[in-house]
Amino acid sequence: MLGKIVSALTRALLVALLFATPALILPNVSPDAIEIVLLFALFSGCLVFIEYYSTYPSIIEFRYAAPFNRLRFLAIFFAVFCLSVIARGAYAPNAFTSFLHTLGIVVGNAIDFPYSPVRLMVIMLPDNASPQLVEAVRTSSGLSYLISMIALMVFYFYVRILGWPARNGAFNVWVNLPLFDPTAGGDVLPRLQRDGRLNIALGFLMPFLIPAVVQMMSDLVDPIYLDDPMTLIWTISAWAFIPASLIMRGMAMTRVAEMIRDNRRRAYAAARALQTA
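All of these numbers come straight from a predicted model, not from anything done at the bench.

Parameters and conventions
- Residues numbered from 1 in each chain as written.
- Predicted model: local features only at pLDDT ≥ 70, side-chain atom pairs only at ≥ 80, totals over all residues.
- Heavy atoms only, no water.
- Helix = DSSP H or I, 4+ residues; strand = E, 2+ residues; numbered from the N terminus.
- Buried < 20%, exposed > 50% of the residue type's maximum accessible area, 1.4 Å probe, protein only.
- Contact = heavy atoms within 4.5 Å.
- Areas by Shrake-Rupley, 256 points an atom, 1.4 Å probe, with all protein chains shown as cover.
- Lys, Arg positive; Asp, Glu negative; His and termini not counted.
- Charge placed at Lys NZ, Arg CZ, Asp CG, Glu CD.
- Expected span 1.5 Å × (residues − 1).
- Polar contact = N/O pair within 3.5 Å; in protein donor to acceptor, adjacent residues only side chain to side chain.
- Salt bridge = Lys/Arg side-chain N within 4 Å of Asp/Glu carboxyl O.
- Core = buried A, V, L, I, M, F, W, Y, C linked by side-chain atoms within 4.5 Å.
- Phe/Tyr/Trp six-rings, centres within 6.5 Å; stacked < 30°, edge-to-face > 60°.
- Lys NZ or Arg CZ within 6 Å of the ring centre and 35° of its normal.
- 1 Å grid on protein atoms, 1.4 Å probe; cavity = no way out; pocket = protein on both sides within 12 Å on 5 of 7 lines; lining within 4 Å.
- Points joined across faces, edges and corners; volume = space filled by probe spheres on them.
- Nonpolar A, V, L, I, M, F, W, Y, C, P; charged D, E, K, R; others polar.

**With respect to the overall build of the protein chain**
- A count of helices and strands for the protein chain gives 9 helices and 0 strands.
- Starting at the N terminus and walking to the C terminus, you meet the elements of the protein chain as α-α-α-α-α-α-α-α-α.
- In the protein chain, which comprises 277 residues, the proportion classed as buried is 44%.
- Here the analysis covers contacts within the protein chain between residues at least 6 apart in sequence; of these, 77% occur between residues at least 24 apart.
- With an accessible surface of roughly 15,500 Å², the protein chain has 68% of that area assigned to carbon and sulfur atoms.
- Charge separation in the protein chain, taken as the distance between the mean sites of 20 positive and 16 negative side-chain charges, equals 19 Å.

**Some thoughts on helix α9 (residues 229-276)**
- Given a rise of 1.5 Å per residue, 48 residues ought to cover 70 Å, and the 70 Å separating the end C-alpha atoms of α9 matches this to within 8%.
- The backbone nitrogen of methionine 230 lies 3.3 Å from a side-chain oxygen of the residue at the head of α9, namely aspartate 228.

**Regarding the pattern of salt bridges**
- One pass over the structure, following the stated rule, counts 8 salt bridges.
- Glutamate 61 is the salt-bridge partner of arginine 249, the closest N and O atoms lying 2.5 Å from each other. With arginine 249 in helix α9 and glutamate 61 in the loop between α2 (31-53) and α3 (68-89), this residue pair connects regions lying 188 residues apart in the sequence. Take arginine 249 and glutamate 61: they sit in the same class, and that class is buried.
- Here aspartate 112 and arginine 119 are joined by a salt bridge, their closest N and O atoms 2.5 Å apart.
- Residue class for aspartate 112 comes out buried when judged on its relative accessible area of 14%.
- One salt-bridge network, in which partners are shared between bridges, spans Asp112, Arg119 and Arg138.

**Details of the environment of threonine 254**
- Within the secondary structure layout, threonine 254 lies in helix α9.
- Between the C-alpha atoms of threonine 254 and glutamine 193, which are 61 residues apart in sequence, the distance is 5.4 Å.
- Among residues more than four places away in sequence, those in contact with threonine 254 are Gly196, Arg197 and Ile200.

**Regarding the nonpolar core**
- With 35 residues, the main nonpolar core has Leu125, Val137, Leu226, Ile236 and Trp239 as its most contacted residues.
- Secondary-structure elements contributing two or more residues to this core are α1 (2-25), α2, α3, α4 (95-111), α5 (117-124), α6 (131-160) and α9.
- Aside from chain neighbours lying at most four places away, what touches leucine 226 is Met124, Leu125, Leu133, Val137, Thr231, Leu232 and Thr235.
- In terms of nonpolar packing, the next biggest core, distinct from the first, is built from 25 residues, Phe62, Phe171, Phe180 and Met259 among them.

**Digging into the packing of aromatic side chains**
- The full count for this structure, using the stated rule, is 14 aromatic pairs.
- Three or more aromatic residues joined by ring pairs form one cluster here, namely Phe62, Phe68, Phe155, Trp164 and Phe171.
- Sitting above the plane of the tyrosine 53 ring, lysine 4 keeps its charged end 5.8 Å from the centroid.

**Regarding the layout of surface pockets**
- There is about 1,100 Å³ of room inside the largest pocket.
- Lining the largest pocket are 34 residues, with Val15, Val48, Ile60, Asn69 and Arg72 positioned closest to its centre.
- Across the lining of the largest pocket, the residue classes tally to 24 nonpolar, 4 polar and 6 charged.
- Its boundaries defined by the atoms lining it, the second largest pocket holds a volume of some 410 Å³.

**Description of the side chain of serine 148**
- Its place among the elements puts serine 148 in helix α6.
- Once residues lying within four places of it in the same chain are set aside, the contact partners of serine 148 are Ala240 and Ala244.

**Let's talk about the environment of glycine 108**
- Tracing the chain through its elements places glycine 108 in helix α4.
- For glycine 108, a relative accessible area of 0% translates into the label buried.
- For glycine 108 and leucine 143, which are 35 residues apart along the polypeptide, the C-alpha to C-alpha distance reads 6.8 Å.

**Some points on empty space enclosed by the protein**
- Under the definition given, this model contains 1 cavity of 30 Å³ or more.
- The volume enclosed by the largest cavity comes to roughly 40 Å³.
- Counting only elements with at least two residues in the lining of the largest cavity, the list comes to α3, α6 and α9.
- Considering only residue class, the lining of the largest cavity consists of 6 nonpolar, 3 polar and no charged.

All quantities given are derived from atomic positions and should not be read as evidence of function.
The following block contains the structure:
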């Protein structure tokens, strides 16, 4: 029981730290922004603690299939941390902020080709955007996209090379997929395959669709102003993390479908062998 409490509390503190990271790194954060950050950090920490302290999960998927959630957390944490450090460099530059800023410029310029996600993020900016804002968006988008691609490659290595999640022991589909309703109708195998492919497709399309939708909606609603460092950090991080998370979820569900199919084949083969014996 004590180990369970410590484990849930540790995860809750890490998630709360994630939400508080920009406010802790950036200087001159307004008191109102600090109060909002504390509210989000407290709420998210409580949610994670309750989720991991309970015996059965209700929201978080693949809770017993490490390192799925750990990779997702590390991806969003490193994105938020790196963008916060880059934003701090505008006020208190040092060698580390300069290194991350240079890395973001190199990656952003390399990915900033016609019809790329980074180019669409830059085009999304209003016509009167300053050159400094354009550079900041390009740099942040390139670095965030790089982090999300690294997370995807690491998870693909776990799935295809290390045989995730079979190496972790028995895999319970219903516990690790609490949002998947097995009684919704039809065979679970094609449903898992369909949901997995749909998540992968949405993950690939979202980096291209989000800037286009925001640009089209800017005439109807107030556009998102990325001049504020906190807004820039969370907008770019979410733009890179949500599609990568969807692709990872799709890969995971496809892998689970493959495991179910292989188990069925072995069961059918064993049943036929018993009948012919």
